[in-house]
Amino acid sequence: MNTSTSTFVRTEMLPEQAPPLTESGAVKWVRENLFSSVLNGILTVLGVVIVAYLVIGIAPWLSRSVWNAGSLSECRQIIAERWGEGVTGACWAVIRERWPQYLFGFYPSHLYWRPVLAFVLLCVAVAPVLFDKLPRKMLWFSLVYPAVGFWLLWGGSVWVPVMAVAGFAIGYAAAKFLQPVAGTIIAAIAAVLAPVLWWLFLAGPAADALQSLLPIALESVRSREFGGFILAFTIGFTGIAFSLPLGVMLALGRQSDMFIVNKLSVGFIEFIRGVPLITLLFTASLLLNYFLPPGTDFDIILRVIIMVVLFAAAYIAEVVRGGLAALPRGQYEAADALGLDYWKAQRLIIMPQALKISIPGIVSTFIGLFKDTTLVVFVGLLDPLKGITDAVRASTDWKGIYWEPYIFVGAIFFLFCFGMSRYSMYLESKLKTDHR
Amino acid sequence: MKQSVFLGTLAATTLLAGAALAQGTSTLQTVKDRGELNCGVNTGLVGFAAPDASGNWQGFDVALCKAVAGAIFGDASKVVYIPTTSSDRFEQLTSGRIDLLIRNTTWTFSRDTDLKMDFVGVNYYDGQGFMVRNDLGVSSAKELNGATICIQTGTTTELNLADYFKANNMTYTAVPIETNAEGEQQYLAGACDAYTTDASGLAATRAAFADPENHVILPEIISKEPLGPAVRHGDSEWGDVVRWTMNALVAAEEFGITSANIDELATSSQNPEVQRLLGTSDNLGAMIGLEANWALNAIKAGGNYGEIFAATIGESTPIGLARGLNAQWTQGGLLYTPPFR
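This one's a predicted model, so the numbers in the text were calculated from it and none came from an experiment. (Residues numbered from 1 in each chain as written. Chains lettered and ligands numbered in written order. Predicted model: local features only at pLDDT ≥ 70, side-chain atom pairs only at ≥ 80, totals over all residues. Heavy atoms only, no water.)

What follows concerns the overall build of chain B. Across its full length, chain B holds 14 helices and 14 strands. A globule of 341 residues ought to have a C-alpha radius of gyration of about 20 Å, and chain B, at 22 Å, matches this closely. In terms of overall dimensions, chain B has a C-alpha envelope of 65 × 60 × 40 Å along the principal axes. Scored against the burial criterion, the 341 residues of chain B give a buried share of 53%. Restricting to contacts in chain B with at least 6 residues of sequence separation, those with at least 24 account for 69%. If you sum the accessible surface of chain B, you get close to 14,200 Å²; carbon and sulfur atoms cover 52% of it. Averaging the positions of the 21 positive and the 37 negative side-chain charges in chain B gives two centres separated by 5 Å. (Helix = DSSP H or I, 4+ residues; strand = E, 2+ residues; numbered from the N terminus. Rg over C-alpha atoms; globule rule 2.2 N^0.38 Å. Buried < 20%, exposed > 50% of the residue type's maximum accessible area, 1.4 Å probe, protein only. Contact = heavy atoms within 4.5 Å. Areas by Shrake-Rupley, 256 points an atom, 1.4 Å probe, with all protein chains shown as cover. Lys, Arg positive; Asp, Glu negative; His and termini not counted. Charge placed at Lys NZ, Arg CZ, Asp CG, Glu CD.)

Written out as structure tokens, the structure reads:
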């Protein structure tokens, strides 16, 4: 066998070959993601057709945008000049001319800096709540922000919001000083009663007296001058800020063993959830007037805010109850075993977990609430979507305009709702501690 | 905490309400004490009521609000415009949030009696008409048998339409719409053959189209829509103030009193009725609880009826409405004011 030199063992490596065409690059991705089965293939084609149809329909209209014009007819003239007769185009000039009305409603134009400042400060106040890396001391500002924001938006004497905040200080002081002397229960009652009495009877005269001593005031702006996005933000953010604590209390109330608390909470939640928001708004705007003396001006925005807070709180309560129900019984027992009282157990063990579970539900309630602020149009307030748009369309210059205002307002709403949604995802991933 | 404040306020205000209702103050006195007139207007209707870019309300209805404020305060700017929707306008009035409703509201039997409104007159005689595309080849509403028609729900126009087609033994398919803007959009998109609403609204709508020449408003007016200001039932003194302010504007046009010559006429006119109207002789104002020059101030607010009409909805505006029924009785119209005596 001298011919044993014939080799059957390869001595050099073959060069790497490119993977088959169907298993690499774009083709693979398309195969796996778009055409992995017949059904997926059909759906992909359908989707592409729909998107293409929309783009073909909208893109030419969008590409023929006019930004500088004084009226819709002028817009049409410009479009006809530039792109020929008979074509349609977007007339954004209406937004360019009326955007202050969309943002500020009828707020006096020389005072626009106030809502803007209020909004900037709102961001500062909200930041430490949203991001825990920021210094905790900023939370003090968040606590007083409602008073600051109120003063900036509505103006008037600075002492009114100061006296309102003083009510909380009085409640705190009452609890602090009475506790060692008179015991917990009396201190707790005093902590609730003292501020209420203060707000009802003393805060007004005190604010007046201080105002005459030391007059610091901003030009006051009345609620009817609010409109557009200031209205949406005022109602939306106040609603969000107050409905969460109220909703948590209601959820705890519903779980409580105390008969009255439990039944009141259940009754409230079920009643509010069983009634459309519009009904509550009509109640606030119309029904209440029959009970008020003629000529009383119980602020319409305040009424709407109260109703929106109550409405959202009922939903939040059910969302949080879902979170509470998802907690294993062991967590409650562990808290008891540690010797924590009810409030400590809630604060340190139950709520942090329950709220974490409830984040998606809470945020979608908030997003819904924010969008529902446009419903105030039915009680004659000028919401950005329909109230302001109808007012703009009623001018002879802009009658006949249809899509542009809706697109503009929709885009702003999308910006904020999408922001909220992304934040909730960030929060969920940050708080993720389980190993599922 | 928030809730207890709310409930406390509610309880306190309910008590106050009882006390105040027992007193039964007159609207005129309430308005004077407040220093402002709360005038309920449309949330936005071309030519009748609309805020401009800087938020000033303008329009035909708004001008009447201003005239009433002028008559009461001598200052036409003392008006708070409260936008009302078609669904809440009457409640706004009965509940007292507005003193006066001037919102192109049709004066009907049931609204006057059952809803406890008092219509003090008619500031615009309207009627329901139809608009169709030229290429439909229709020249009369009688030819609309079997047509699809865009119609705003919950308005008198909806009922008129049904009545008209029934009376003429024709059928139609209604395309319900919510607002005028939506109606325009549906009509332009071809969702309906005809669009029906008040003729003034049709004219304004047609004027705003890109191609008004391709649309025609049919000659038939199928209903009477007397639009007028309304006040609460049971306060006749207040009703008188509004009624006679409106009459003063109409009378001013009849006598040729305009915002240009009013000051001159007030001092030099020899016509005794003009003198009485402008407060130069007699004191008519005292009889309705106003100053002697109340009508002078009302007319100065925006001119006489004809001037207001021309400036807001008349033929020189894009809406381009002819006077028609809204001309003086001397010109073949329906404007006829009782004498100022």
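After that view of the structure, there is still more to cover.
For chain A, the domain assignment lists domain 1 (31–63), domain 2 (156–218) and domain 3 (224–436). Using C-alpha coordinates to define each centre, domain 1 of chain A is positioned 37 Å away from domain 3 of chain A. (Domains from an automatic or database assignment.)

In this structure the tally under the stated criterion is 46 aromatic pairs over all chains. Measuring from centroid to centroid gives 6.3 Å for Phe370(A) and Phe416(A), while their planes differ by 65 degrees, and the two rings are edge-to-face. One end of the pair, Phe370(A), is in helix H14 (residues 342–372); the other, Phe416(A), is in helix H16 (residues 403–430), with 46 residues separating them in the sequence. On the accessibility criterion, Phe370(A) (1% relative accessible area) is buried. Taking the centre distance of 6.1 Å and the plane angle of 15 degrees together, the rings of Tyr124(B) and Phe309(B) count as stacked. Linking Tyr124(B) in strand S7 (residues 124–126) with Phe309(B) in helix H14 (residues 305–312), this pair joins segments that are 185 residues apart in sequence. When its relative accessible area of 4% is taken as the criterion, Tyr124(B) is described as buried. Each residue in the set Phe119(A), Phe229(A), Phe233(A), Phe237(A), Phe370(A), Phe413(A) and Phe416(A) is aromatic and connected to the rest through ring pairs, giving one cluster. For the cation-ring pair, Arg133(B) lies above Tyr187(B), with the distance from its terminal atom to the ring centre recorded as 4.9 Å. Its guanidinium or amino end placed over the ring of Phe309(B), Arg323(B) lies 5.1 Å from that ring's centre, counting from NZ or CZ. (Phe/Tyr/Trp six-rings, centres within 6.5 Å; stacked < 30°, edge-to-face > 60°. Lys NZ or Arg CZ within 6 Å of the ring centre and 35° of its normal.)

The next point concerns the sheet that holds strand S9 (residues 147–152) of chain B. Residue and element names in this part refer to chain B. If you trace the 5 strands from one edge of the open sheet to the other, you get S10-S9-S11-S8-S12, paired in mixed fashion. The sheet terminates laterally at strand S10 (172–177) and strand S12 (215–217), the two strands that pair on one side only. When the angles between neighbouring strand axes are averaged without regard to direction, this sheet yields 30 degrees. Alignment of strand S8 (residues 128–133) against strand S11 (residues 194–198), held across 5 bridges, turns out to be antiparallel. Across the sheet, Phe130 pairs through a bridge with Thr196, a residue of S11. Here helix H6 (residues 156–167) sits on the sheet in contact with S8, S9, S10 and S11, set at roughly 150 degrees to S9. (Pairing = 2+ DSSP bridges. Axes fitted to C-alpha atoms, helices over the stretch in contact; angles between N-to-C directions.)

To continue, consider a nonpolar patch on the surface. Residue and element names in this part refer to chain A. Together, Leu39, Leu43, Leu46, Ile50, Tyr53, Leu54, Ile58 and Leu62 line one region of the surface with nonpolar side chains, adding up to about 820 Å² of accessible area. Within the element layout of this structure, Leu62 appears in helix H2 (residues 38–63). Residue classification places Leu62 among the partly exposed positions, given a relative accessible area of 40%. (Patch = residues over 30% accessible without salt bridge, like charges linked within 9 Å, V, L, I, M, F, W, Y side chains within 5 Å. Salt bridge = Lys/Arg side-chain N within 4 Å of Asp/Glu carboxyl O.)

Moving on: the domain arrangement of chain B. Residue and element names in this part refer to chain B. Segmentation of chain B into domains returns domain 1 (22–125 + 227–331) and domain 2 (128–223). Just the C-alpha atoms count here: the centres of domain 1 and domain 2 sit 31 Å apart. Between domain 1 and domain 2, the residue contacts involve 10 residues of the former and 6 residues of the latter. A combined buried area of about 550 Å² lies between domain 1 and domain 2, and 68% of that area is made up of carbon and sulfur atoms. (Buried area = accessible area lost by both parts, 1.4 Å probe.)

Moving on to empty space enclosed by the protein. All names here are of chain B. A complete count under the given rule lists 2 cavities of 30 Å³ or more for this structure. Roughly 70 Å³ of internal volume is contained in the second largest cavity. Around the second largest cavity, the lining residues are Phe60, Ala63, Leu64, Asn123, Met246, Leu249, Val250, Tyr305 and Ile308. For the lining of the second largest cavity, the elements supplying multiple residues, two or more each, are helix H3 (60–73), helix H9 (236–254) and H14. For the lining of the second largest cavity, the class distribution of residues is 8 nonpolar, 1 polar and no charged. (1 Å grid on protein atoms, 1.4 Å probe; cavity = no way out; pocket = protein on both sides within 12 Å on 5 of 7 lines; lining within 4 Å. Points joined across faces, edges and corners; volume = space filled by probe spheres on them. Nonpolar A, V, L, I, M, F, W, Y, C, P; charged D, E, K, R; others polar.)

Before going further, it helps to spend a moment on the state of the cysteines. Residues and elements named next belong to chain B. Applying the stated criterion across every chain, the model contains 3 disulfides over all chains. Bridging Cys39 to Cys65, the disulfide has an S-S length of 2.0 Å. Given an S-S torsion of about -65 degrees, the disulfide between Cys39 and Cys65 has left-handed geometry. Highlighted residues: Cys39 in strand S1 (residues 37–42) and Cys65 in helix H3, separated in sequence by 26 residues. (Disulfide = S-S within 2.5 Å.)

Quoted interface sizes are often the accessible area lost when the parts come together. Contact with chain A, which involves 39 residues of that partner, is made by 49 residues of chain B. Both faces combined, the contact of chain A with chain B buries some 3,900 Å², and carbon together with sulfur accounts for 68% of it. Where chain A meets chain B, there are 2 salt bridges. Close ionic contact of Lys399(A) with Glu184(B) constitutes a salt bridge, the shortest N to O distance being 2.7 Å. Of all elements in the fold, only helix H3 (72–83), helix H4 (93–104), helix H8 (184–213), helix H11 (277–291), helix H12 (300–326) and helix H15 (384–393) of chain A reach the threshold of two or more residues within the side of chain A that touches chain B. In terms of residues, the side of chain A that touches chain B owes the most to one element, H11(A), which gives 7 residues. Across the side of chain A that touches chain B, the residue classes tally to 23 nonpolar, 7 polar and 9 charged.

Take the side chain of Asp112(B) next. Residue and element names in this part refer to chain B. Relative to the assigned elements, Asp112 resides in helix H5 (residues 109–113). Arg243 is the oppositely charged side chain nearest to the buried, salt-bridge-free Asp112, at an N-O distance of 8.5 Å. Within the structure, Asp112 has its side chain in polar contact with the side chain of Trp107 (distance 2.7 Å). Residue contacts for Asp112: discarding those within four places in its chain leaves Trp107, Met117, Asp118, Phe119 and His233. (Polar contact = N/O pair within 3.5 Å; in protein donor to acceptor, adjacent residues only side chain to side chain.)

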